[in-house]
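Breakdown of the fold
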Amino acid sequence: MSDDDATGVTGARAADTANAPQRTARLALPENLHPTSGDSEGDEEEEYEGSDEEDGDPLADLPDETEELDLVHSRLSSLERLRLPRFATHLQRLCLRQNFISTLDPETFSVLTKLVELDLYDNKIKHIDDALNNLTALTVLDFSFNLLKSIPETLHYLTSLKTVYFVQNRISKITGLQGLGATLRSLELGGNKLRQIENLDALVNLEELWLGKNKIAKLENLSGLRSLKILALQSNRIRKIENLEALENLEELYLSHNGVEHLENLEHNTKLTTLDVGNNLVPEIENLSHLTHLTELWVNHNKIKTLQALEPQLGSLALQTIYLEGNPCQQAEGANYRRKIMLALPTLTQIDATFTKQT
C-alpha cells in the first residue's frame, strides 16, 4: 500500500448516479485545523489540540446511508463527536489515516458490523483489545505506522479478514494469527523488530508474506505456506537461500539488501517469475536454468565478476528484465557491457534501468 494513497483532505464526493442518494463522503475540516506536518513518527506521548475541541458534528450533513467515510489528515484524537454509530447499517469503508487516534472505543466500533475495510494507518494506537471483535465482515485492516508491540490476540474474531497490514510498528514476535488460516491471503509485517519467521503454519491459504526491514537471519518455518505466491524479505540478515522446498507455487521472491552468498536451493520453485537478490554477496549466476517462467532477475550490486554464465544459465529462459549494474563485471566489460548481455540474452527488453532498442 502506497503512502500516497491518502495524503490530504478533499471535499465532499457526489454519488455516481444523479438519482441515487449520496453514499460516500470525505471530511473537509477548516483550513486552520490541518497539521503542518504529516510526520507522525515523532514523540508518541505528545498531546494534540485541534478539531476535537470544535463544537458540533462535522458529519452532521451526511446521510445515515453513507457507505464510505474518508477522514484523512483530519487532526482527530477522538471519534466520539463524529457519532459514527449512526452510519452502522450502511458504512462499509472507514479511512482514518494520519490522525492522532490512540484508543479505539468498543462502543463505537462494536455496532459498525457492516465494515469491510478499516484503515488506521499512521495514528498512535498501542492496543486494540476487544474493540473490533464484532467486525466479522471486515476483509481489509490497516494498522501500519502505529505503536503496537504485538499482533492483537483478538484477530481471530475477524472471520472474513483477507488482508492485514502492520507495517512499521514495534512488533518483535509473530503471534496471534492461528485463527485466520481459513481467510487470510496477505500479511504485511515490514519495518518491525522481528528476528524469526514463526507461528505461520495455520495460514494455509496465505498468498503474500511481506517481512522486509526486520532482523530476520534465517529462512525457516515456511513449509505450511503452500499457497504462497509472494515472499518478501528485503533488508534483513539472511545469508542463505534455504527451506523453500514446499513453496511450489511461489512466483515472486524478494531478498535484496541481505547477506546472501549463493544462488541455490530453488529447485522446487519452478513457478518463479521474479527473483530479486540485489545488494547481496552473490559471486556468480548459477542454479537458475530450470526456472523456465523467470522474466525478471535482479542481481545488481553483488560480486559477479564475469558475464560468462549468462547464456548457459539464462539463455533458454524468456527473460525480459535483468539488473546487473554495480557488479565487477560492469566495470570489467566497460563499453561492451550492454552489448554482451544482449547477445547472450536476446529476449531482454530491459537491461538495468534502460530499455533495449528492440522495445
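No experiment lies behind these values; they were computed from the predicted model shown. (Residues numbered from 1 in each chain as written. Predicted model: local features only at pLDDT ≥ 70, side-chain atom pairs only at ≥ 80, totals over all residues. Heavy atoms only, no water.)

The next point concerns a positive patch on the surface. Together, Lys149, Lys193, Arg195, Lys215 and Arg237 give the surface a local cluster of positive charge. The residue lysine 215 is located in the loop between strand S8 (208–210) and strand S9 (230–232) in this model. (Patch = residues over 30% accessible without salt bridge, like charges linked within 9 Å, V, L, I, M, F, W, Y side chains within 5 Å. Areas by Shrake-Rupley, 256 points an atom, 1.4 Å probe, with all protein chains shown as cover. Salt bridge = Lys/Arg side-chain N within 4 Å of Asp/Glu carboxyl O. Lys, Arg positive; Asp, Glu negative; His and termini not counted. Charge placed at Lys NZ, Arg CZ, Asp CG, Glu CD. Helix = DSSP H or I, 4+ residues; strand = E, 2+ residues; numbered from the N terminus.)

Glancing now at unusual backbone geometry. Look at glutamine 98: it is not a glycine, yet its phi comes out positive at around 55°. Note on placement: glutamine 98 falls in the loop between strand S3 (93–95) and helix H1 (106–109). A residue is classified by how much of its surface remains accessible, and glutamine 98, at 14% relative accessible area, is buried. For asparagine 221, which is not a glycine, the phi torsion comes out positive at approximately 55°. Assessed through its relative accessible area of 37%, asparagine 221 is described here as partly exposed. (Buried < 20%, exposed > 50% of the residue type's maximum accessible area, 1.4 Å probe, protein only.)

Here we take up the pattern of salt bridges. For the coordinates displayed, the defined rule picks out 9 salt bridges. The salt bridge partner of arginine 83 is aspartate 57, with a shortest N-O separation of 3.1 Å. One end of the pair, arginine 83, is in the loop between strand S2 (68–70) and S3; the other, aspartate 57, is in the loop between strand S1 (24–26) and S2, and 26 residues separate them in sequence. Residue class for arginine 83 comes out partly exposed when judged on its relative accessible area of 43%. Look at aspartate 57 and you get buried, because its relative accessible area is 16%. With a shortest N-O distance of 2.4 Å, aspartate 64 and arginine 86 are connected by a salt bridge.

For the rest of this paragraph, the subject is the nonpolar core. In terms of nonpolar packing, the biggest core is built from 91 residues, with Leu94, Leu132 and Leu324 touching the most fellow members. Of the residues forming this core, the biggest block, 3 residues, is contributed by helix H4 (residues 337–344). Dropping the residues within four chain positions of it, leucine 94 is found in contact with Leu69, Leu71, Leu84, Phe109, Leu112, Leu115, Glu117, Leu118 and Asp119. (Core = buried A, V, L, I, M, F, W, Y, C linked by side-chain atoms within 4.5 Å. Contact = heavy atoms within 4.5 Å.)

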